Amino acid sequence: LTLQQFAAERGGGPVPVPAAECRLILVEALRKYRNLFPGQSPWQLAEALYALFEELNLNAVSLPDDAEAFAGRLAGAYGARPLAALSHEAQIVHRLWQAFQEETQGRSPAAAYAASLRSAFAGLRADETLWLAGFDTLAGAERSALAQLPSGVALEVWLHGRGDGRDGAALLNF
């Protein structure tokens, strides 16, 4: 099974909001506030924002609720002064992210997958072994879920590749 199949079969997490509905939520928000991105197609912006938000969810990235904390995080990430770090566009994206999380209730496809995977792993018994084969990288939410495996559950990881060079670098990051 893939991790997605495992999560779906054993996770029992929240029912995801369909991707199309998530995009429509964003289009509606962008249409409501047309002046945020003048001259831009709300459909194209919604697609880009949806991809960004799903990537954040899949990698277990949480954004601070507070705009000042968000500015501080951006400043640290880019080595910029706090006022310069939080541009007008960043403020808008931050607000849209918060609204998207609220509107989908944390059930976008990536968020629901992460919750289902955590639930599936939490449901493993101490006498079970979890086998992972064929992975050279895991998303942040997958790594986080693995880190919370119940005690006693054996984890077997089969890796393929060299221990050095490009293969080695990927394996070390795994």
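This text follows the structure it describes.
Residues numbered from 1 in each chain as written. Predicted model: local features only at pLDDT ≥ 70, side-chain atom pairs only at ≥ 80, totals over all residues. Heavy atoms only, no water.

### Quick notes on the overall build of the protein chain
Turning to step 1, where the next piece is worked out: Per the secondary structure count, the protein chain includes 9 helices and 2 strands.
Turning to step 2, where the next piece is worked out: Ordering the α and β elements of the protein chain from the N terminus gives α-α-α-α-α-α-α-β-α-β-α.
Turning to step 3, where the next piece is worked out: Burial status across the protein chain gives 35% buried among its 174 residues.
Turning to step 4, where the next piece is worked out: In the protein chain, of all internal contacts separated by at least 6 residues, the share reaching a separation of at least 24 is 72%.
Turning to step 5, where the next piece is worked out: Total accessible area on the protein chain is roughly 10700 Å²; 54% of this is exposed by carbon and sulfur atoms. (Helix = DSSP H or I, 4+ residues; strand = E, 2+ residues; numbered from the N terminus. Buried < 20%, exposed > 50% of the residue type's maximum accessible area, 1.4 Å probe, protein only. Contact = heavy atoms within 4.5 Å. Areas by Shrake-Rupley, 256 points an atom, 1.4 Å probe, with all protein chains shown as cover.)

### Comments concerning the pairing of strand β2 (residues 154-158)
Turning to step 1, where the next piece is worked out: As paired strands, strand β1 (residues 129-133) and β2 are joined by 5 bridges and run parallel to one another. Within β2, the position partnered with Leu-130 by the bridge is Leu-155.
Turning to step 2, where the next piece is worked out: Of the crossover connections in this fold, the one passing from β1 over helix α8 (residues 140-147) to the parallel β2 is right-handed. (Pairing = 2+ DSSP bridges. Right-handed = clockwise from strand over helix to strand, strands pointing away.)

### A closer look at the packing of aromatic side chains
Turning to step 1, where the next piece is worked out: Tallying each qualifying case throughout the model produces 4 aromatic pairs.
Turning to step 2, where the next piece is worked out: Centre to centre, the rings of Phe-6 and Phe-121 are 5.7 Å apart; their planes meet at 40°, and the pair counts as tilted. Placement of the pair is Phe-6 in helix α1 (residues 3-10) and Phe-121 in helix α7 (residues 109-122), with a sequence separation of 115 residues. Grouping residues by exposure puts Phe-6 and Phe-121 together as buried. (Phe/Tyr/Trp six-rings, centres within 6.5 Å; stacked < 30°, edge-to-face > 60°.)

### Concerning the nonpolar core
Turning to step 1, where the next piece is worked out: Counting residues in hydrophobic clusters, the biggest one holds 20 residues, and the most contacted among them are Leu-26, Leu-30, Phe-37, Leu-49, Phe-53, Leu-96 and Phe-100.
Turning to step 2, where the next piece is worked out: Those elements giving two or more residues to this core turn out to be α2 (19-32), α3 (42-58), α4 (67-78) and α6 (88-104).
Turning to step 3, where the next piece is worked out: When neighbours within four sequence positions are excluded, Leu-26 is seen to be in contact with Ala-46, Leu-49, Tyr-50, Phe-53 and Phe-100.
Turning to step 4, where the next piece is worked out: In this structure, Leu-3, Phe-6, Phe-121 and Leu-149 belong to the second largest nonpolar core, which totals 15 residues. (Core = buried A, V, L, I, M, F, W, Y, C linked by side-chain atoms within 4.5 Å.)

### Concerning α7
Turning to step 1, where the next piece is worked out: Its 14 residues give α7 an end-to-end C-alpha distance of 20 Å, which sits within 8% of 20 Å, the value for a rise of 1.5 Å per residue.
Turning to step 2, where the next piece is worked out: A large share of α7 lies buried, amounting to 10 of its 14 residues.
Turning to step 3, where the next piece is worked out: Every buried residue belonging to α7 is among Ala-110, Ala-111, Ala-112, Tyr-113, Ala-114, Ala-115, Ser-116, Leu-117, Ala-120 and Phe-121, and all of these are buried.
Turning to step 4, where the next piece is worked out: On its buried face, α7 is in contact with α1, α3, β1 and α8. (Expected span 1.5 Å × (residues − 1).)

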